[in-house]
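Topology and contacts: notes
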Amino acid sequence: MEQQHSAVILKSNPHGLMISLSPELPFDELVAAVGEKFRVSADFFKNARLALTFRGRELTREEENRLVDAIVENSKIRVLCIVDEDKESAEFYKKAVMNAQKKKEDGDGFFHRGSLRSGQTLDSETSIVILGDVNPGAQVTSKGNIVILGCCMGTLYAGAGGDDKCFAAALTMKPALVKIAGFAARSAIIKKKDTGDYPVDPKIVYVKDDHLQIKSITNETLCEYLA
C-alpha cells in the first residue's frame, strides 16, 4: 500500500510502516498533516501493531514523540518500536515487531513507547521501560523496576508492592518525587512547563543501608547495587 500526500507518504509492509515526511513544511503543520493522514486511514490499519520508520527530515526526540502521539490519537495503531531508516526491510521489521511483542508478553516487564504529560499516570504490575520522557505532573508506578530512556521530571514509584530491592533509572533524573518501596526523596521543584532540556546524565536510584541512593550509573555503582 502506498498513499500520496503533499506532506506525508505512507508505505507499508506486513510488519512495519515507513512514513516519508516533507522536509519543508513547518513542524506544527506537519504534525497536523500526519494526524489527518492516519485519521482517514484508520479503518485500513484497524488495530495493527507496527514498527515505524520516519524518513525525509531530521527529527529530535520531542518531535518524534509528537508524531507518534498524532498517529496514536488519530488511529488504533499500537506503535511497538521505531526502526532506523538504514534498516528498513520487511525481515528487519518482522524481527523488531516480534521482539517488541515478546517483551510485552514476558512476565518480566512492560514496554511503553511515548512521553507522559502532566496529569497522566502509568501503572504496571511488572518492571517497565519507557521510551520517552516523564514530564512534570506525570506519574509512573511499578511493582518492579522503572527504566526511563529519556528525561524524568515527574513522580516515580518503583517497588510499589514493597520490594526495596527494586530500582529506578533514567537518562536524565530530575524527578519531583522518587519512591522505592517505603523510602522516598524529593528533588527541586520542577515547573510544569519545563522543556526537559537537560544534559544526559544517567542515574540510578536504589535503597542501600535503609537510605535512598541516587548515583550516576557506573560500573562501581552497579556493583554496589548488586552487592
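Now for a look at the structure at hand.

What counts and how
Throughout this description, residue numbers start from 1 for each chain and increase along the sequence as written. Local features in this predicted model are restricted to residues whose pLDDT is 70 or higher, and side-chain atom pairs enter the listing and the counts only when it is 80 or higher, whereas totals over whole chains, interfaces and linings include all residues. Excluded from the side-chain calculation are hydrogens and water; included are all heavy atoms of the structure. Patch definition: residues above 30% relative accessible area lacking any salt bridge, with like charges linked at up to 9 Å and the nonpolar side chains Val, Leu, Ile, Met, Phe, Trp and Tyr linked at up to 5 Å. Using a 1.4 Å probe, the Shrake-Rupley method yields the accessible areas, and only the shown protein chains count as cover for residues. Put simply, a salt bridge is a Lys or Arg side-chain nitrogen that is within 4 Å of an Asp or Glu carboxyl oxygen. His is not counted here, nor are the chain ends, while Lys and Arg score as positive and Asp and Glu score as negative. Every charge is mapped onto a representative atom, which is NZ of Lys, CZ of Arg, CG of Asp or CD of Glu. Helix and strand definitions follow DSSP, with helices as H or I runs of at least four residues and strands as E runs of at least two, each counted in order from the N terminus. Throughout this description, buried means an accessible area under 20% of the type-specific maximum (1.4 Å probe, protein chains only), exposed means over 50%, and partly exposed covers the range between. Pairing between strands requires that DSSP locate at least two bridges from one strand to the other. Fitting a line to C-alpha atoms yields each axis, with helices limited to the stretch in contact; the angle taken between N-to-C directions then spans 0 to 180 degrees. Throughout this description, the term nonpolar core refers to a set of buried Ala, Val, Leu, Ile, Met, Phe, Trp, Tyr and Cys residues connected via side-chain atoms within 4.5 Å. The contact rule is simple, with two residues in contact once any of their heavy atoms fall within 4.5 Å. Throughout, a disulfide means two cysteine sulfur atoms within 2.5 Å of one another. Any Phe, Tyr or Trp ring, taking Trp's six-membered ring, that has another such ring centre within 6.5 Å forms a pair; planes under 30 degrees apart are called stacked, those over 60 apart edge-to-face, and the others tilted. Should the NZ of a Lys or the CZ of an Arg lie within 6 Å of a ring centre and within 35 degrees of the ring normal, that charge is described as sitting over the ring. In this analysis, the expected span of each helix is defined as 1.5 Å times one less than the number of residues it contains.

1. What about a negative patch on the surface?
- On the surface, a cluster of negative charge is made up of Asp163, Asp164, Asp209 and Asp210.
- Along the chain, Asp209 turns up in the loop between β15 (203-208) and β16 (211-216).
- For Asp209, a relative accessible area of 64% corresponds to the exposed category.

2. Describing the sheet that holds strand β13 (residues 177-180)
- Spatial strand order, β7-β9-β11-β13-β14: 5 strands in an open sheet with mixed pairing. Of all strands in the sheet, those with a lone pairing partner are β7 (121-124) and β14 (183-186), marking the two edges. Across the sheet, the axes of successive neighbouring strands diverge by a mean angle of 5°, strand direction being ignored.
- Here strand β11 (residues 155-158) runs beside β13; their pairing, made up of 4 bridges, is parallel. Its bridge partner being in β13, Thr155 is matched across the sheet by Leu177.

3. As for unusual backbone geometry
- With a phi close to 50°, Ala181 is a non-glycine residue in the positive phi region.
- Within the secondary structure, Ala181 is located in the loop between β13 and β14.
- Overall, the relative accessible area of 5% leaves Ala181 in the buried class.

4. Digging into the nonpolar core
- Counting 22 residues, the largest nonpolar core has Val8, Leu17, Ile19, Val34, Phe38, Phe54 and Ile71 as the members making the most contacts within it.
- Every element with two or more residues in this core is listed here: β2 (8-12), β3 (16-21), α1 (27-40), β4 (49-55) and α3 (61-73).
- Broken down by element, this core gets its largest block of residues, 6 residues, from α1.
- When sequence neighbours within four positions are dropped, the list of residues in contact with Ile19 reads Val8, Ile9, Leu10, Phe38, Leu52, Thr53, Phe54, Arg55 and Ile71.
- Of all hydrophobic cores here, the second largest spans 21 residues; its members include Ile128, Leu156, Ala170 and Val207.

5. Concerning the state of the cysteines
- Taken as a whole and assessed by the stated rule, the structure comprises 0 disulfides.
- With no disulfide of its own, Cys152 lies closest to Cys151 among cysteine sulfurs, the gap being 7.2 Å.

6. Quick notes on the packing of aromatic side chains
- Counted under the stated rule, the structure contains 0 aromatic pairs.
- Here the guanidinium or amino end of Lys179 rests over the ring plane of Tyr157, the centre of that ring lying 4.2 Å away.

7. With respect to α1
- Spanning 14 residues, α1 covers 20 Å between terminal C-alpha atoms, matching the ideal 20 Å at 1.5 Å per step.
- Within α1, the full set of buried residues consists of Phe27, Leu30, Val31, Ala33, Val34, Gly35, Lys37 and Phe38.

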